[in-house]
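Read off the chains here:
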Amino acid sequence: MMLTEFEKKRAANMIWNGAHNYKVSPGYRMYDYEGKADLYWNTIIGASYTHFDWKKLTAFYSTFHETLGQETYETLFWLALENSTFEKESPLRESLALLRREYCKRKLQEFIPSIAESREGWILEGHYKVALGEDCGLPDLVDRKLLKEVEISGDLNTEEWIQSLSKTLQKYFTYLPGLPAAMQKKKREFKIPHLFFWLKDENGSSSGSPKKLVLGLLERSKGGADSRDVETASEKYQKITEEGLRKYIQSYFGQPLFDKKKSEAMEKACCIGNHQGARLYFTNGKEEDNLKGFAAKMRKEMEAQRKKNEQAYEKEASYNQTQIFRLSQMLKNALLSSLEPSPVLSNQGKLIPSLLWKPLYLKGHNKIFQKEIADSQGSLTVDLLLDASSSQIHRMETVSQQGYILAKALDNCRIPVRVFGYSSMSGYTVLNRYRDYTERNKNKEIFRYFTTGANRDGLALSAVLEQLKENTASHRLLIWLTDLSPNDLLEVKNKARNYSGDLAISDIQEMVHKAHMEDIYVLLAYTGKDKDVPNAQKIFGRNFVKVQSLEHFSELMGKMIQAEIQRM
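Just so you know, these numbers come straight off a predicted model, no measurement behind them. (Residues numbered from 1 in each chain as written. Predicted model: local features only at pLDDT ≥ 70, side-chain atom pairs only at ≥ 80, totals over all residues. Heavy atoms only, no water.)

Asks: Would you explain the overall build of the protein in this entry?
Replies: Of the regular secondary structure elements, the protein holds 20 helices and 15 strands. Counting contacts in the protein only where the partners sit at least 6 residues apart, residues at least 24 apart contribute 72% of the total. (Helix = DSSP H or I, 4+ residues; strand = E, 2+ residues; numbered from the N terminus. Contact = heavy atoms within 4.5 Å.)

The following block contains the structure:
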């Protein structure tokens, strides 16, 4: 099978995201049997680059070439690397465990009998089961021991890992540790002349044709770890001009929302401190004309996801309508209970003696009575900010419905609402505006919600706060739907680390405090895991609720917003 350039680029992006580093080029990419880039495997490959020396791994891998057990050795190499990398990386990347579980479940359902007939197929199937917390199911005790030894722990460094796998291959097969491929036991095969022999790479496979393993399709890409004989994708990336990069972001996400002058002013105000060197891009998603290549195919994926989001809403339309009604009623009740009585002049009520002269001498001035009516404390606007980074990839239908339900309920209460989605890519934090305060007929634009890239949460929050400076409402509320797992590849200047962990959490906390100082109140609809709840509590106090599904969504959000309205 020939791989498309589109899928190759997708695989490269997955590897870069896995490594948190655009300079990574380990030389291998993984695809499923249909030639689609494999999200889990390419994430593992990228993550492995941060924990292992790929120059040494590549040298070790090359010793399998054209040996008697090449396919088996290669499969067990990747299985061992996956297990070790997962153990090293999963404490640092919460979403990896979920990604692994879903991958293993899917693979067990799709397992092809012909693959399961091979020994490496049995071992792989057993590994999937173990990863799901089940018994491996292998009937042969030798295979059970082999699997256990191949599932190398994450405690070993590169040299120890290679030594461990080498001993296992020697123990169970004919592999000779420390010797190059030429000195290993070779295959006995009749060589068939290849019409295009000059197109073969060093592994003997035709250029552009991936190798089929029981894991999937493996592509050996040019360049690779520590190779400098060809220009790698990352080196090409470094050479992209600022103008070219912005054009790429524009073709990917849509035409800019603001002119150059306003965009530069926004960056000047927001891209400071921890975000120095970052870029901002505002868009309403309007597609460029005559798109081609990668951007055009991504647009097709976005459109397909929009249809899925809308179909998911329509499938539960009656339930969703009920949620909108309930939330609307809760908000209306909160608004009514927060209205304070104010004295006004009227033509009936309590007489004001000092005004008796007015109707005698001034025509039409008959309001000489006073009565109290309920009056609001001022105007209220709400901004919704939806985390659209890759960590939300399995929640696209849910998040888009949650955003739509909130927007419709606020519209029903005549509360102006604006909705943004955000993610970060190639140094840019992109804010996609689905609807503005006055665009009550555009709520279906929220179904354009599509996840991609990383998330520089503090910068996205800062950009929305900067936008809110133009808002003259007396009460400004920002509701943020996120898993609170900030992670962006672009390093924080002068700190030699990427935007993640405690540094990013402290940055978000500072932004939320800044918002409160400007009388903008930020509420969190938390979509993350239990272990990160302390971060939510640290930043938001009681101003957050955990909403991982649509069940009880309106009730949870209604109570939180009610409490904030009553505080106003």
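Asks: When you look at the pattern of salt bridges in this model, what are you seeing that I'm missing?
Replies: Close approach of charged atoms allows side chains of opposite charge to pair. The full count for this structure, using the stated rule, is 26 salt bridges. The network of salt bridges with shared partners includes Glu7, Arg10, Lys36 and Glu301. (Salt bridge = Lys/Arg side-chain N within 4 Å of Asp/Glu carboxyl O.)

Asks: How should helix α19 (residues 533-540) be read in this particular structure?
Replies: An α-helix turns once every 3.6 residues. As a result, residues three or four positions apart point the same way. For α19, the full list of buried residues reads Val533, Asn535, Ala536, Ile539 and Phe540. Buried residues along α19 cover an arc of 155° about the axis, so they all sit on one side. (Buried < 20%, exposed > 50% of the residue type's maximum accessible area, 1.4 Å probe, protein only. Arc of directions from axis to C-beta.)

Asks: How do you make sense of the packing of aromatic side chains when you look at a structure like this?
Replies: One pass over the full model with this rule turns up 32 aromatic pairs. An angle of 55° between the planes, with centres 5.6 Å apart, marks the rings of Phe64 and Tyr73 as tilted. Each member of the pair, Phe64 together with Tyr73, is buried. Ring geometry for Tyr313 versus Phe447: centroids 5.7 Å apart, planes at 50°, classification tilted. A residue pair is termed long-range when its members are at least 10 positions apart, and Tyr313 in helix α13 (residues 293-315) and Phe447 in the loop between β10 (428-435) and α17 (457-468) qualify at 134 residues. Using a relative accessible area of 4% as the deciding quantity, one classes Tyr313 as buried. Classification of Phe447 as buried rests on a relative accessible area of 1%. When the ring centre of Phe52 is taken as origin, the NZ or CZ atom of Lys88, which lies over that ring, is 5.3 Å away. (Phe/Tyr/Trp six-rings, centres within 6.5 Å; stacked < 30°, edge-to-face > 60°. Lys NZ or Arg CZ within 6 Å of the ring centre and 35° of its normal.)

Asks: I would appreciate a short explanation of the side chain of His127 in the present structure.
Replies: Turning to its location among the elements, His127 is positioned in helix α7 (residues 119-131). Residue class for His127 comes out buried when judged on its relative accessible area of 4%. A polar contact is formed between the side chain of His127 and the side chain of Glu151, at a distance of 2.6 Å. Those residues in contact with His127, other than ones at most four positions away along the chain, are Leu79, Glu82, Asn83, Arg100, Leu147 and Glu151. (Polar contact = N/O pair within 3.5 Å; in protein donor to acceptor, adjacent residues only side chain to side chain.)

Asks: I tried to follow empty space enclosed by the protein on my own but got confused; where do I start?
Replies: Space left empty within the atom packing is revealed by a probe, the size of a water molecule, rolled over the atoms. This structure, assessed with the given rule, holds 1 cavity of 30 Å³ or more. When its volume is computed, the largest cavity comes out at roughly 50 Å³. Lining of the largest cavity is provided by Tyr40, Trp41, Leu79, Glu82, Arg100, Tyr103, Cys104, His127, Tyr128 and Ala131. For the lining of the largest cavity, the secondary structure elements donating two or more residues are α2 (39-51), α4 (70-89), α5 (95-110) and α7. When its residues are assigned to classes, the lining of the largest cavity shows 7 nonpolar, 1 polar and 2 charged. (1 Å grid on protein atoms, 1.4 Å probe; cavity = no way out; pocket = protein on both sides within 12 Å on 5 of 7 lines; lining within 4 Å. Points joined across faces, edges and corners; volume = space filled by probe spheres on them. Nonpolar A, V, L, I, M, F, W, Y, C, P; charged D, E, K, R; others polar.)

Asks: Could you clarify how one ought to interpret the side chain of Asp457 in this entry?
Replies: Locating Asp457 in the fold gives a position in helix α17. Although Asp457 is buried, it forms no salt bridge, and the closest oppositely charged side chain is Arg456 at an N-O distance of 9.8 Å. (Lys, Arg positive; Asp, Glu negative; His and termini not counted.)

Asks: Would you mind showing me how to read the pairing of strand β8 (residues 380-387) here?
Replies: Two faces belong to every sheet, and in a regular strand the side chains alternate between them. Counting buried residues along β8, 8 of its 8 residues qualify, which places the element largely inside the surrounding structure. Side chains of β8 alternate between two faces, with Leu380, Val382, Leu384 and Leu386 and Thr381, Asp383, Leu385 and Asp387 buried alike. One ladder, built from 7 bridges, connects β8 with strand β11 (residues 475-482); its direction is parallel. Across the sheet, residue Leu380 finds its bridge partner in β11, namely His475. Bridge analysis of β8 against strand β9 (residues 417-425) gives 6 bridges, and the strand direction is parallel. Paired with Asp387 across the bridge in β9 is Tyr422. (Pairing = 2+ DSSP bridges.)

Asks: What should I look at first to understand a nonpolar patch on the surface in this one?
Replies: Taken together, Trp357, Leu360, Tyr361 and Leu362 make up a surface patch of nonpolar side chains, about 490 Å² in accessible area. Tracing the chain through its elements places Trp357 in the loop between β6 (350-351) and α15 (358-361). On the accessibility criterion, Trp357 (41% relative accessible area) is partly exposed. (Patch = residues over 30% accessible without salt bridge, like charges linked within 9 Å, V, L, I, M, F, W, Y side chains within 5 Å. Areas by Shrake-Rupley, 256 points an atom, 1.4 Å probe, with all protein chains shown as cover.)

Asks: What exactly am I supposed to notice about the sheet that holds β9 here?
Replies: Taken in spatial order, the 7 strands of this open sheet run β4-β10-β9-β8-β11-β14-β15, and their pairing is mixed. The two strands at the open ends of the sheet, each matched to only one other strand, are β4 (279-283) and β15 (544-546). The sheet shows a mean angle of 20° between the axes of neighbouring strands, taken without regard to direction. On the sheet, helix α18 (residues 501-517) packs against β11 and β14 (520-526) and is oriented at approximately 140° with respect to β14. (Axes fitted to C-alpha atoms, helices over the stretch in contact; angles between N-to-C directions.)

Asks: It is not clear to me how the pairing of strand β3 (residues 216-220) should be interpreted in this structure. Could you clarify?
Replies: Across the 5 residues that make up β3, a large majority, 4, are buried. Two strands pair when backbone bridges link them, and strand β1 (residues 28-31) and β3 are joined in this way by 4 bridges, in the antiparallel orientation. Residue pairing for β3: Arg29 is matched across the bridge by Glu219. Taken together, the 3 bridges between strand β2 (residues 211-213) and β3 define a ladder with antiparallel strand orientation. Bridged to Lys212 within β3 is Leu217. Connecting the antiparallel pair β2 and β3 is a turn made up of 2 residues.

Functional significance is not addressed by these values, which are geometric in nature.
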